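Reading the structure
The chain contents come next:
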Amino acid sequence: MANWLLDFKQHRQLLLHFLLLWVPLTLLLAGIIWAFYGVQAGSSQALGKAAEQQAVQLALHSSTLGLATVRSDLLYLGDITSLQLDAAVNQPSSREALAAEFLAFVMRKGIYDQLRLLDENGQELIRINWNDGHPAIVQHADLQNKLDRYYVSKSLALERGEIYVSPLDLNVEHGKIEQPIKPMIRFGTPVFDQSGHKRGVIVLNYLGQRLTDRIRKIAAAEHKQGQMWLLNSAGYWLLGPRPEDEWGFMYPQRNHHRLETQDAKAWQLISTGGQTGQFSTDQGLYTYAKIAPLQLGRLNGDPKVVTSDQWLLVAHEPVMFLAAKNASLSGRLWIVFGVLELMLAVASWTIVYYSTRRRWAEESVRASEVRFRGLLESAPDAIVIVNRDGLIELVNDQAEHYFGYSREELLSQPVEILVPEQLRAAHPEHRAGYQANPHSRPMGEGLDLYGRRKDGSEFPVEISLSPLQTPQGMIVTAIIRDITSRKLAEHLQREAQERYRDLVNNLPVGIYRNSAGSEGVFLEANPAMITMFEANSEEAFFNCSVAELYRYPDQRQAFSEKIIRQGYVSGEEIELVTLKGRVFWAAITAVMKTGADGTVYFDGVIENISERKEIQRQLQLLNDSLRNRSVELEAANHELEAFSYSVSHDLRAPLRAIDGFGRILHHDYAEQLGVKGQDYLERIRRAAQHMGMLIDDLLKLSRVTRVELLREEVDLSELAQEVMAELRKQDPERVVQFTLRPGLTAHGDRRLMRVVLDNLLSNAWKFTGQRAVANIEFGVMMLHEQPTWFVRDNGAGFDMAYADKLFGVFQRLHDAREFPGTGVGLATAQRIIHKHGGQIWAESEVDAGTTFYFTLASEA
């Protein structure tokens, strides 16, 4: 009974001690949890507001990032259009080329629904439609006048460099909203011609769906519980809580779907507030930012942006989500409080028992020993612990790996088992000396140390020693590191240095280092330097001053000032003098450096360029000779022009007199001359007229060689059509089938190419004169991967055995009475083609027709 009473008192006292410890701790824990709840709730609210602001800013920058690109795209299009505007307005081919550039631009960008060029009257000149990812150029017949569209008239009213931005609305076609809906922003800027006159506008239709999709993605990623809205300045949703609430200003039945209708207080605070803000109403937390298109990030020097619209980016977190956050935090803290209370009770009960505390201490010691063992085994180096007698007491796994012994084979063995055999006898003495003066130090500092493996092989090591005094005596911890890889790297580095030195010594150019100052000397030089300066020995070269190797002191002074000013020189050409007095030209590349002690020196390369300078001198002489020859040729050209003038005026005047008086004789004295006299007179007149034609053709031929080429894109089909029209007017009764492929263009001189086609087509017209139905064709083919134009006919043809005489002056392959002509036309055509860098030739067969081919040099 007494023992039971004693046990009861002991248990009651134990319970009382427990309560005295547990109750105050419970109250303290409750106070801490309550304070933590207040802090956490405030932090959660602050973090939530910050997250809302960050989401709005992210959406703001993301939504305007693409619009900044539109501004630069619009100005870029305006610039290239201004350069080509005159040609695009007046020449269909130039307009097609500009339209092709616009098409490539739309395909590359992929963000524009339409790109349009309109003149000052609002008439479309070029329009590119996106066509759901299949851009196309709108045909000329489908182009419209858009002057009645507000964005066209407002863009036309702008000055150079100004940009108009329309409100974000839906695309309307033929008075109806396009389905599916297509949000659109129009950007316009005026374009000017080279004279500075306003000639129209460029209009870009930006796909607004990209803007709203980008905001939706950010809302999904950064704003999962709330909503992200985009409103216009009137409070209508462009991107709203529901699809049926959006674009209320475009649909009469949705006219009341506005933020002011849903939350009047929120709309008032946003519309009267600053550019950004955050507030709460009874419907939740609002975070907003006001943005004007293309204004964000615009610098003072950027183009002026004209717009009547303003967007509102609003993040809304409903009140139910805010309440759910606080409820979730409260529930989590109650769980934490319960868990901590339970732990506190257990801990309080445990503290009462001193035996438990002692058991924990013993477990802590064992855990410490385990951690020490784990640290020892995880060390990257081998660790060997030796007692005062030199016996191994402890090793780690890395020691087993390095030396090839098992742990059992090493423990209680003399440490000399790990020392190379030739050093084992002296090692005990070294060990005794260390024990007499123990301290932490690297073992064998400055020496190459080696360890010995179980198989007898040796490897380089580094050893650090650390003594520790224990009740059982001093022990020494040796940390051993295998440095085989480092030794190998050092060996490879030395080999690389040797290879580098061999490379420098074998280079054919001089490599040097010299000290600075007027008394500077060479500090390093390769053998090429010694040879280049004709030194008898390295010692003689290093003893000479750098300054005495320059031919002229002022060159030395200028070179020194330049390298000090720039810090380097590159390819400096200077006349130098060898130690034997021979002058040579050298190209010097050098850099100024400063050593660790502040000493300035120069590293450089010297190349002997005397041979190159001599070649340059010879080239200069040759250029001078060519220049003189050019002057002589110019004088000869002037003489040729004078001769042409003399032929044109002095020779043709007598011929006209012969022809004129012959005509008078024939008219007034025909009866006195008789039949034979009239025949002679007609021969005289025909000869005079033929000689006049020869003179005209020769003058044309001489002008071809002197005329300067004016290359441009030439429509050869158009020129051929003009030539054939003139030939038909001269002989309208002939039946000629002319085959022409339209749109054949080439890069050349338009006037000269007209002469070529005139000669070739006239030639075909003449030699098909005896055909009842003549066939003439002009086209192009690919021959040897080069475009080759041709003129083909079914005329008289010629024998290819005489083809080498075809392009000679006055060379004819047919009787002049049958096919009249001077024999100069084909020679003229050949010179024009050669002047264009091309070739001309013919293929023919007697009575089977002829084909003339010609090529032109491609545009550089």
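Residues numbered from 1 in each chain as written. Predicted model: local features only at pLDDT ≥ 70, side-chain atom pairs only at ≥ 80, totals over all residues. Heavy atoms only, no water.

**Description of the overall build of the protein chain**
The cut-off we apply is this: Helix and strand labels come from DSSP, where a helix needs a run of H or I of at least four residues and a strand needs a run of E of at least two; each type is numbered from the N terminus. For every residue, the accessible area obtained with a 1.4 Å probe (protein chains only) is divided by the maximum for its type, and the residue is called buried under 20%, exposed over 50%, and partly exposed between those limits. The contact criterion used throughout is that any non-hydrogen atoms of two residues lie within 4.5 Å. All accessible areas in this document rest on Shrake-Rupley with a 1.4 Å probe, and a residue is counted as covered only by the protein chains that are shown.
Secondary structure assignment for the protein chain yields 21 helices and 33 strands. Burial statistics for the protein chain: of 860 residues in total, 38% are counted as buried. Within the protein chain, contacts between residues separated by at least 24 positions form 56% of all contacts whose residues are at least 6 apart in sequence. Accessible surface, the protein chain: about 49400 Å² in total, of which carbon and sulfur atoms supply 55%.

**Observations concerning the sheet that holds strand β31 (residues 786-793)**
Note the following rule: Note on pairing: two strands pair once DSSP finds at least 2 bridges between them. The axes used here are C-alpha line fits, helices contributing only the stretch in contact, and every angle between their N-to-C directions lies in the interval 0 to 180 degrees.
One open sheet accounts for five strands, arranged β28-β30-β31-β33-β32; its pairing is mixed. A single partner strand is all that each edge strand has here, and the edge strands are β28 (736-740) and β32 (840-845). With direction set aside, neighbouring strand axes in the sheet form an average angle of 20°. Here β31 pairs with strand β33 (residues 849-854) via five bridges, running antiparallel. Pairing of V791 across the sheet is with F852, part of β33.

**Quick look at the sheet that holds strand β25 (residues 583-594)**
Across the sheet, which stays open at both edges, the five strands sit in the order β23-β22-β26-β25-β24 with antiparallel pairing between neighbours. The outermost strands of the open sheet, each flanked by one partner alone, are β23 (522-525) and β24 (568-577). Across the sheet, the mean angle separating the axes of adjacent strands is 30° when strand polarity is ignored. As paired elements, β24 and β25 share eight bridges and run antiparallel to each other. Among the inter-strand pairings, E575 is bridged to a residue of β25, identified as W585. Contacting β24, β25 and β26 (600-608), helix α16 (residues 553-566) crosses the sheet at an angle of about 165° to β24.

**Considerations on the pattern of salt bridges**
In plain terms, the rule: In what follows, salt bridge is the name for a side-chain nitrogen of Lys or Arg lying within 4 Å of a carboxyl oxygen of Asp or Glu.
One pass over the structure, following the stated rule, counts 33 salt bridges. Here E572 makes a salt bridge to K562, at a shortest N to O gap of 2.8 Å. One end of the pair, E572, is in strand β24; the other, K562, is in helix α16, and 10 residues separate them in sequence. Among the salt bridges present, the one from R617 reaches E614, with a minimum N-O distance of 2.6 Å. In this pair, R617 and E614 are both assigned in helix α17 (residues 610-668), three residues apart and thus about one turn of the helix distant. A cluster of three or more residues bridged by salt bridges with shared partners is formed by D113, E178 and K182.

**Quick notes on the environment of H197**
Here H197 is to be found in the loop between β8 (183-192) and β9 (198-207). For the pair H197 and R160, spaced 37 residues apart in sequence, the C-alpha to C-alpha distance is 9.8 Å. Discounting residues that sit within four places of it in the chain, H197 has contacts with V191 and F192.

**Examining the packing of aromatic side chains**
We apply this condition: Only the six-membered ring of Trp is used, alongside the rings of Phe and Tyr, when aromatic pairs are assigned; centres must lie within 6.5 Å, and planes under 30 degrees apart are stacked while those over 60 apart are edge-to-face, with the rest tilted. The criterion is that NZ of a Lys, or CZ of an Arg, lies within 6 Å of the ring centre and within 35 degrees of the ring normal, and then a charge sits over that ring.
Within the structure shown, the criterion is met by 22 aromatic pairs. Between the aromatic rings of F105 and Y112, the centroid separation amounts to 5.9 Å while the plane-to-plane angle is 10°, which identifies the pairing as stacked. Each of the two residues, F105 as well as Y112, counts as buried. An aromatic cluster is built from Y512, F522, F533, F541, F542 and F584, whose rings are joined through pairwise contacts. Over the ring of Y251 we find R254, and its NZ or CZ is 4.3 Å from the ring centre. Between the NZ or CZ atom of R734 and the centre of the ring of W765, over which it lies, the distance is 4.5 Å.

**Details of helix α19 (residues 716-730)**
Given 3.6 residues per helical turn, the α-helix brings residues three or four places apart onto the same face. Quick reminder of the rule: Here the expected span of a helix is defined as 1.5 Å times the quantity of residues minus one. When we speak of the arc, we mean the arc of directions from the helix axis to the C-beta atoms. Residues adjacent in sequence count toward polar contacts only when both atoms are side-chain atoms; beyond that, a polar contact is any pair of N or O atoms within 3.5 Å, and within protein one must be able to donate a hydrogen and the other to accept it.
Taking 1.5 Å of rise per residue, the 15 residues of α19 would be expected to cover 21 Å, and the 22 Å separating its terminal C-alpha atoms lies within 8% of that figure. Buried residues of α19: L716, S717, L719, A720, V723, M724 and L727, and no others. Taken end-on, α19 shows its buried residues confined to a sector of 160°, consistent with a single buried face. Elements that come into contact with the buried residues of α19 comprise β27 (711-715), β28, β29 (745-749), α20 (750-767), β30 (774-783) and β31. Sitting at the head of α19, D715 places a side-chain oxygen 3.1 Å from the backbone nitrogen of S717.

**Digging into the side chain of T850**
Position of T850 relative to the elements: it lies in strand β33. A distance of 2.8 Å separates the side chain of T850 from the side chain of S844, its partner in a polar contact. Leave out the neighbours within four places in its chain, and T850 touches V791, R792, D793, G797, F798, A842, E843 and S844.

**Re the pairing of strand β13 (residues 284-291)**
A large share of β13 lies buried, amounting to eight of its eight residues. Sheet topology note: the strand β12 (residues 276-281)/β13 ladder contains six bridges and is antiparallel. In the sheet register, S280 faces β13, and the bridge partner there is L285. The hairpin turn running from β12 into β13, its antiparallel successor, is two residues long. The pairing of β13 with strand β15 (residues 311-318) spans eight bridges and is classified as antiparallel. Looking across to β15, one finds that A289 is bridged to L313.

**Structural notes on unusual backbone geometry**
Going from Q179 to P180, the amide bond is cis rather than trans, its omega being -5°. Tracing the backbone through its elements, the reader meets P180 in the loop between β7 (176-177) and β8. Unusually for a residue other than glycine, E534 sits at a positive phi of about 55°. Mapping E534 onto the fold places it in the loop between α14 (527-532) and α15 (538-543). A positive phi angle, near 60°, is found at E785, a position not held by glycine. Tracing the backbone through its elements, the reader meets E785 in the loop between β30 and β31.

**Considerations on the confidence of the model for the protein chain**
This is how it is decided: The predictor reports its confidence for every residue as pLDDT, a score running from 0 up to 100.
In the predicted model, the protein chain carries a mean pLDDT of 79, and the fraction of residues at 70 or more is 80%. Considering each helix and strand of the protein chain separately, the mean pLDDT is smallest for strand β18 (residues 441-443), with a value of 63, and largest for strand β3 (residues 136-137), with 92. Note that pLDDT drops below 50 for residues 810-819; the model gives that stretch 25 contacts with residues more than four away or on any other chain.

**Focus: the nonpolar core**
Let me state the cut-off plainly: Take the buried Ala, Val, Leu, Ile, Met, Phe, Trp, Tyr and Cys residues and link them wherever side-chain atoms come within 4.5 Å; each set so joined is a nonpolar core.
F102, L117, F187, M228, L230 and W311 are the most contacted members of the largest nonpolar core, which has 55 residues in total. Here this core gets 11 residues from one element, more than from any other, and that element is helix α1 (residues 2-90). In this structure, V723, F738, W789 and F852 belong to the second largest nonpolar core, which totals 35 residues.

**Looking at the packing of α19 against α20**
Stated precisely, the cut-off is as follows: If an angle is under 35 degrees, it is roughly parallel; if it is over 145, roughly antiparallel; if it lies from 65 to 115, roughly perpendicular; otherwise it is oblique. It is the rotation of the near helix from the far one that decides the hand of a crossing: anticlockwise by less than a right angle makes it left-handed, clockwise makes it right-handed. Amino acid classes used here: Ala, Val, Leu, Ile, Met, Phe, Trp, Tyr, Cys and Pro are nonpolar; Asp, Glu, Lys and Arg are charged; the rest, including Gly, are polar.
Closest axis-to-axis distance for the α19/α20 pair is 9 Å, and the angle between their directions is 45°. One finds that α19 runs oblique with respect to α20. Seen from above, α19 lies across α20 with right-handed handedness. Of α20, the residues touching α19 (which contributes L716, E718, L719, A720, E722, V723, M724, E726, L727 and R728) are R750, M753, R754, L757, D758, L761, S762 and W765. A breakdown of the residues in the contact of α19 with α20 according to their chemical character gives 10 nonpolar, one polar and seven charged.

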